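# Fold and geometry: a report
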Amino acid sequence: MAHINLLPWREELRNQRKKEFFTMMGGAVVLMLAIVGYAHMHIIGMAEYQQQRNQFLNSEILKVKARNREIDELEKKKEQLIARMDVIKELQGNRPEVVHLFEELVTAVPEGLHLTEVEQQGRLLTIIGGAQSNARVSSFMRKLDESEYFAEPSLDVIEAKTSGVERSRTFTLRVRQTAVEEGSGGS
């Protein structure tokens, strides 16, 4: 006789396959959630690590900026000190010139002429004084022109003043101071 199975085997097979499908689907979802969670945690960790690196770099940048400011301040101080040293060197170098200047002025002033003001602007001297006559002013200018420390004397103003019997002249003249090498000529 033929054996007939009346049990719903197809229904059981379908239920078993559904169960396997949902189990595999659940496993896949769990696995996918685990992978997404790991990726998310890994990305968050990388972002935090990058933020830490950025904070470290920013703190180092601030330190370097502070050092740069200090270096800039030191450079400014260095430039100021160099400028001061240059001024001191120039003044030290000009010391003998001032002595020669006044020595030459004293030797160039003839009798009957006196100086009331000497003003120096760079290498140009403005001399104001009084004299008994125009000839004394002319003699003074010749002596200045003959000196190796002065050149190109030019008379700006000469005024004659009369007080009673006595006549006097006030004058203003300009003369250029020359640079004389140390050790050449002079005294």
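Source: prediction; values computed, not measured.

Moving on, we get to the overall build of the chain. Secondary structure assignment for the chain yields 2 helices and 4 strands. Order of helices (α) and strands (β) in the chain, N terminus to C terminus: α-β-β-α-β-β. Expected size for 187 residues packed as a compact globule is a radius of gyration near 16 Å; at 52 Å, the chain overshoots this value by more than 25%. Along the first, second and third principal axes, the C-alpha atoms of the chain reach 180 × 40 × 20 Å. Among the 187 residues that make up the chain, the fraction classed as buried is 16%. Summarising the internal contacts of the chain: among those between residues at least 6 apart in sequence, 60% fall at separations of at least 24. Carbon and sulfur atoms make up 58% of the accessible area of the chain, which totals about 15100 Å². Looking at charge distribution, the chain has the averaged site of its 25 positive side-chain charges lying 14 Å from that of its 27 negative ones.

Looking now at a negative patch on the surface. Together, Glu70, Asp72, Glu73, Glu75 and Glu79 make up a negatively charged patch on the protein surface. Residue class for Glu75 comes out partly exposed when judged on its relative accessible area of 38%.

This part is about the confidence of the model for the chain. In the predicted model, the chain carries a mean pLDDT of 85, and the fraction of residues at 70 or more is 91%. Mean pLDDT per element in the chain: strand β3 (residues 150-163) is the minimum at 79, and helix α1 (residues 9-108) is the maximum at 91. The low-confidence segment residues 183-187, where pLDDT is below 50, has 6 contacts with residues more than four positions distant or belonging to other chains.

Buried together is how nonpolar side chains tend to be arranged in soluble globular proteins. Counting residues in each nonpolar core, the largest one holds 16 residues, and the members touching the most others are Leu105, Ile127, Phe140, Leu144, Phe150, Phe171 and Leu173. Listed by contribution, the elements that provide at least two residues to this core are α1, β2 (124-131), α2 (134-146) and β4 (166-177). Element by element, the count of residues in this core is highest for α2, at 4 residues. Excluding residues within four positions of it along the chain, Phe140 makes contact with Leu105, Ala108, Val109, Pro110, Leu113, Leu115, Ile127, Phe171 and Leu173.

Definitions and limits used
- Residues numbered from 1 in each chain as written.
- Predicted model: local features only at pLDDT ≥ 70, side-chain atom pairs only at ≥ 80, totals over all residues.
- Heavy atoms only, no water.
- Helix = DSSP H or I, 4+ residues; strand = E, 2+ residues; numbered from the N terminus.
- Rg over C-alpha atoms; globule rule 2.2 N^0.38 Å.
- Buried < 20%, exposed > 50% of the residue type's maximum accessible area, 1.4 Å probe, protein only.
- Contact = heavy atoms within 4.5 Å.
- Areas by Shrake-Rupley, 256 points an atom, 1.4 Å probe, with all protein chains shown as cover.
- Lys, Arg positive; Asp, Glu negative; His and termini not counted.
- Charge placed at Lys NZ, Arg CZ, Asp CG, Glu CD.
- Patch = residues over 30% accessible without salt bridge, like charges linked within 9 Å, V, L, I, M, F, W, Y side chains within 5 Å.
- Salt bridge = Lys/Arg side-chain N within 4 Å of Asp/Glu carboxyl O.
- pLDDT = per-residue confidence, 0-100.
- Core = buried A, V, L, I, M, F, W, Y, C linked by side-chain atoms within 4.5 Å.

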